[in-house]
Amino acid sequence: MDTLFHAAPFTGYVYPNETVIPWTVLIVIYPYLTGLVAGAFTMSSLYQVFGMQRFKPVAHFAMLTSLCCMLIVPLPLLLHLGHPERALNPMITPHTTSAFAVFGYAAAFYVILLLLENWFVFRPHIVKQAQQRTGLLGLVYRVLTLGSYDVSEKAMSYDKKWIFALAVIGIPGAHGLHGYVGFVFGSLKSREWWSSDLMPPIFLFSAIISGVSLLIVLYIVSCKLRKVPIDLECVKGMAYTLWGFMLFALMLEAVEFASLMYRGREGIEMILEYVRGPLVIPFWTVQLAICSLIPVLLLSFMIGTGTKGNALIAGVLFSALLVLVGVLMMRWNVVIGGQEISKTGKGLLTYQMPWVEQESGLTAAILLMAPLVLLTVAVRFFPPWDDAKAAH
Amino acid sequence: MEDKVEKFEEEGRRKFLRLFGGAIGGGGVAIAANALLPAAAAVEAPAKAAVPPIPNYDWSKHHWAFGVDATKCIGCLRCVEACKVENNVSKDPHHFRTWVERYVTLEGEEKARVDSQHDPVNIAAAGGEGKYRFANRYKDAKVDKAFFVPKLCNHCTHPACVQVCPTGATYKTADGAVVIDHTYCIGCQYCVQACPYGARFFNEEKGVTDKCTWCYHRITKGLNPACVEVCPVSARVFGDRNDKQSPISIFLRDNRVTVLKPETGNAPNVFYVGIDKEVS
């Protein structure tokens, strides 16, 4: 019996059923991955839609990154379900008043959009490989052409229109998908910690900064691995993007937190106790001080002083890594934090994450690594680099 | 000719993309639009669904409700035990379809101290998990005020749990009970989060959520819920509001009642008498 569930220790008074925390670390990973999808997509849109040429080196890479993350997004949810074999029920027979019922459609729509956009982007490469290669790999590429071998100028300009159109649809699509994740939490009136109209934009902005950070890290690391020079203009552009969106993200979170405190509705004493106690390390120290203020100050300093060369690369890389950790902590503090404050308003619980079982730290780590593994494989078959020759 | 083929290919591609995107987008938008409706408007539909095949029972002819007279409750926890047995609920102190809270205000203190049978002190006093009793933990203290409050699912008129269920596995019946179809629940636990009362829990053995059904298998046969049946002091009252002489109709007529957390807009159907401001 004991292995079936983990009872969370508590202080004060909590409802008896609350002692088993419903949403575990996997539900922390889910919005994190969705956020990376939206953020990476934003990065690619800056080039595809807004024509920012400095992001050309990462535009296609961003698209591929977004797809690799998106393919993993349903997994944490699936692993969390009591009946994973019924996972498609919300799509087959959706209950139309449920915010969750949207997920299957939104995710499916977005996966298809990303697949299409990636297909158009990598079509010239696919056609070339299909014509050159033989054997199994050749067959795979030939299937992937979907019978279209036309790479004439006319066809390319037609494809370009599709890429643009899909990217335009993708902006509200990606951001809608992530705003929706915020809505899932923000719309629940049962928990004061979640119940906020600002939840969707907060999730959205933190999503963008996490996606941009992921691309900064992956771009710099991939350049080092491929031994090609890093495009400083591109890095600088991403640093600006990260910095700008971070200011928005931080401000929104501050406003939300201030409103929660200022409103001071029933149960505020317990929230204050939580904020002053259990949140000192995960929120104030890690998320805010180390992973938000340090990168903002560092980026501000580098932008202000016009840092160049390796110092810029190191500084931006360091900031991006911190932001990646910070946004993960933000997801943790929202998802787990909300459940650690009892619905009674009279007690606090402590979620104790198991390390090795279905819903555990190990599973979470594997799910976080999975998109990177997918991406490592994907870039071999669909080189997204601007200097495509260097990849082969 | 080539041009034509090319055009055909392009057309085909376009059509396919439009159709596919349109179908999926349309489905999503329809749900999103409906999800934005208030819970009140949203939960009307399921009651008109197919009538369950229960012999000699017409769910459109009943309107069940539950009453709790907290002034009568003695905290014996027989209701908790009966519920666990009747509904085969796991005996551990973390899964309850019904529970009892104890509110004790000591002399000189403003706030009540609250506990329930899942408190470690009470588990120790009961002699282990699976047994339920309140420890005599305030025997050396000067008690200003003390009372017990039985809790259960409120079978709300606008249940937040039903609103959020992605499959409709949990629904409100025509006779007022909120029940769960265990053969259709996917076990996402969104409903557990949405319930403001902590009435729902996850049944790990079955992989589905679980909660009080007012003993639906009993009330549809004309019996009382198990907890009402065993209560030695009639603190729990159950009946059909359509029957003006039923215990619940009399209870609601004779008392000024209140409900828990009315501000959530859930409109509970468990009515309380004799609870204090701190009870939520």
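Small disclaimer: the values here were computed from a predicted structure and weren't measured.

(A) Structural view of the overall build of chain B. Helices and strands together make up the secondary structure of chain B, namely 9 helices and 10 strands. Among the 280 residues that make up chain B, the fraction classed as buried is 55%. Intrachain contacts of chain B at a sequence separation of at least 6 include 61% that bridge at least 24 residues. Approximately 12,900 Å² of chain B is accessible, and the part contributed by carbon and sulfur atoms is 55%.

(B) Structural detail: the overall build of chain A. Looking only at helices and strands, chain A has 13 helices and 2 strands in total. The C-alpha atoms of chain A give a radius of gyration of 22 Å, which matches the 21 Å a tight globule of 392 residues would have. C-alpha atoms of chain A, sized along the principal axes, occupy 70 × 55 × 35 Å. Expressed as a percentage of the 392 residues in chain A, the buried residues total 57%. Partitioning the contacts of chain A with sequence separation of at least 6, the portion at a separation of at least 24 is 78%.

(C) Geometry of the packing of helix α2 (residues 56-72) of chain A against helix α5 (residues 100-132) of chain A. Residue and element names in this part refer to chain A. Close contact between α2 and α5 brings their axes to 10 Å; oriented N to C, the two are set at 145°. As α2 packs across α5, the resulting crossing turns out to be left-handed. In contact with H60, M63, L64, S66, L67, M70 and L71 of α2, α5 contributes A107, Y110, V111, L114, L115, E117, N118, V121 and F122. Across the contact of α2 with α5, the residue classes break down as 12 nonpolar, 3 polar and 1 charged.

(D) Representation of the pattern of salt bridges in the model. Residues and elements named next belong to chain B. Counted by the stated rule, this structure contains 15 salt bridges over all chains. Measuring nitrogen to oxygen at the nearest pair gives 3.6 Å for the salt bridge that ties E229 to R218. Of this pair, E229 sits in helix α8 (residues 226-230) while R218 sits in helix α7 (residues 216-219), and the two are 11 residues apart along the sequence. If you follow the salt bridges from partner to partner, you end up with R102, D115, D119 and R137 in one network.

(E) Molecular detail of the state of the cysteines. Taken as a whole, this structure holds 0 disulfides over all chains when the rule is applied. There is no disulfide at A:C291, and the cysteine sulfur nearest it, in A:C69, is 19 Å away. We note that B:C185 lacks a disulfide partner, and the nearest cysteine sulfur, in B:C191, lies 6.2 Å from it.

(F) Inspection of helix α8 (residues 199-226) of chain A at higher detail. The terminal C-alpha atoms of α8(A) lie 40 Å apart, and with 28 residues this matches the ideal 40 Å at 1.5 Å per residue to within 8%. The element α8(A) is extensively covered by neighbouring structure, given that 22 of its 28 residues are classed as buried.

(G) Quick peek at the interface of chain B and chain A. Chain B puts 74 residues into the contact, and the matching count from chain A is 60 residues. Summed over both partners, the interface of chain B with chain A comes to about 5,600 Å²; 59% of that surface belongs to carbon and sulfur atoms. If you look at where chain B meets chain A, you find 0 salt bridges. Across the contact surface, chain B and chain A share 36 residue pairs in polar contact (both at pLDDT 80 or more). Going through the elements one at a time, α1 (2-35), β2 (98-106), β3 (113-116), α5 (160-164), α6 (190-194) and β7 (201-203) of chain B are the ones with two or more residues in the side of chain B that touches chain A. No other element matches the 16 residues that α1(B) contributes to the side of chain B that touches chain A. Of the residues assigned to the side of chain B that touches chain A, the class counts are 32 nonpolar, 24 polar and 18 charged.

(H) Focus on the packing of aromatic side chains. Residue and element names in this part refer to chain A. One pass over the full model with this rule turns up 30 aromatic pairs over all chains. When the centroid spacing of 5.6 Å and the interplanar angle of 85° are considered together, the rings of F257 and W284 count as edge-to-face. One end of the pair, F257, is in helix α9 (residues 232-263); the other, W284, is in helix α11 (residues 280-305), and 27 residues separate them in sequence. On the basis of relative accessibility, which here comes to 18%, the residue F257 falls in the buried class. One cation-aromatic arrangement involves R123 over W119; the distance from NZ or CZ to the ring centre is 5.8 Å.

(I) Summary view of the sheet that holds strand β4 (residues 143-152) of chain B. All names here are of chain B. Taken together, 3 strands build an open sheet; the order of strands is β3-β2-β4 and the sheet is antiparallel. Edge positions in the open sheet fall to β3 and β4, since each of these has one partner strand only. Taken pair by pair, the neighbouring strands of this sheet meet at an average axis angle of 20°, ignoring direction. Taken together, the 9 bridges between β2 and β4 define a ladder with antiparallel strand orientation. Looking across to β4, one finds that V100 is bridged to P150.

(J) View of the pairing of strand β9 (residues 236-240) of chain B. Taken across its 5 residues, β9(B) has 5 buried, putting it largely inside the fold. On β9(B), burial covers both faces: B:R236, B:F238 and B:D240 on one face and B:V237 and B:G239 on the other are all buried.

(K) Molecular detail of the confidence of the model for chain A. For chain A, the average pLDDT comes to 95, and 98% of its residues sit at 70 or higher. Across residues 388-392 of chain A, confidence stays below pLDDT 50; counting only partners more than four residues off in sequence or on other chains, it has 7 contacts.

(L) Focus on the confidence of the model for chain B. Residue and element names in this part refer to chain B. The predicted model of chain B averages 89 in pLDDT, with 82% of residues at 70 or higher. Counting interchain partners and residues more than four positions distant, the pLDDT-below-50 stretch residues 40-47 has 13 contacts. Predicted as a complex, the structure gets a pTM of 0.91 and an ipTM equal to 0.94.

(M) The packing of helix α1 (residues 26-48) of chain A against α5(A), seen in detail. All names here are of chain A. Where α1 meets α5, the axes come as close as 13 Å, and the angle between the chain directions of the two elements is 40°. The two elements α1 and α5 cross, and the hand of that crossing is left-handed. Contacts between α1 and α5 involve Y30, V37, F41 and Q48 on the former and, on the latter, F103, Y110, L113, L114, E117 and V121. Here the contact of α1 with α5 is built from residues that sort into 8 nonpolar, 1 polar and 1 charged.

(N) Representation of the sheet that holds β9(B) within the structure. All names here are of chain B. Here we have 3 strands laid out as an open sheet, ordered β9-β1-β10, and mixed in their pairing. Strands with a single pairing partner mark the edges of an open sheet, and in this sheet they are β9 and β10 (270-273). Neighbouring strand axes in the sheet, compared pairwise and without regard to direction, differ in orientation by 20° on average. Where strand β1 (residues 64-69) meets β10, 4 bridges bridge the pair, whose relative direction is parallel.

About the criteria used
- Residues numbered from 1 in each chain as written.
- Chains lettered and ligands numbered in written order.
- Predicted model: local features only at pLDDT ≥ 70, side-chain atom pairs only at ≥ 80, totals over all residues.
- Heavy atoms only, no water.
- Helix = DSSP H or I, 4+ residues; strand = E, 2+ residues; numbered from the N terminus.
- Buried < 20%, exposed > 50% of the residue type's maximum accessible area, 1.4 Å probe, protein only.
- Contact = heavy atoms within 4.5 Å.
- Areas by Shrake-Rupley, 256 points an atom, 1.4 Å probe, with all protein chains shown as cover.
- Rg over C-alpha atoms; globule rule 2.2 N^0.38 Å.
- Axes fitted to C-alpha atoms, helices over the stretch in contact; angles between N-to-C directions.
- Left-handed = near helix turned anticlockwise from the far one by under 90°.
- Nonpolar A, V, L, I, M, F, W, Y, C, P; charged D, E, K, R; others polar.
- Salt bridge = Lys/Arg side-chain N within 4 Å of Asp/Glu carboxyl O.
- Disulfide = S-S within 2.5 Å.
- Expected span 1.5 Å × (residues − 1).
- Buried area = accessible area lost by both parts, 1.4 Å probe.
- Polar contact = N/O pair within 3.5 Å; in protein donor to acceptor, adjacent residues only side chain to side chain.
- Phe/Tyr/Trp six-rings, centres within 6.5 Å; stacked < 30°, edge-to-face > 60°.
- Lys NZ or Arg CZ within 6 Å of the ring centre and 35° of its normal.
- Pairing = 2+ DSSP bridges.
- pLDDT = per-residue confidence, 0-100.

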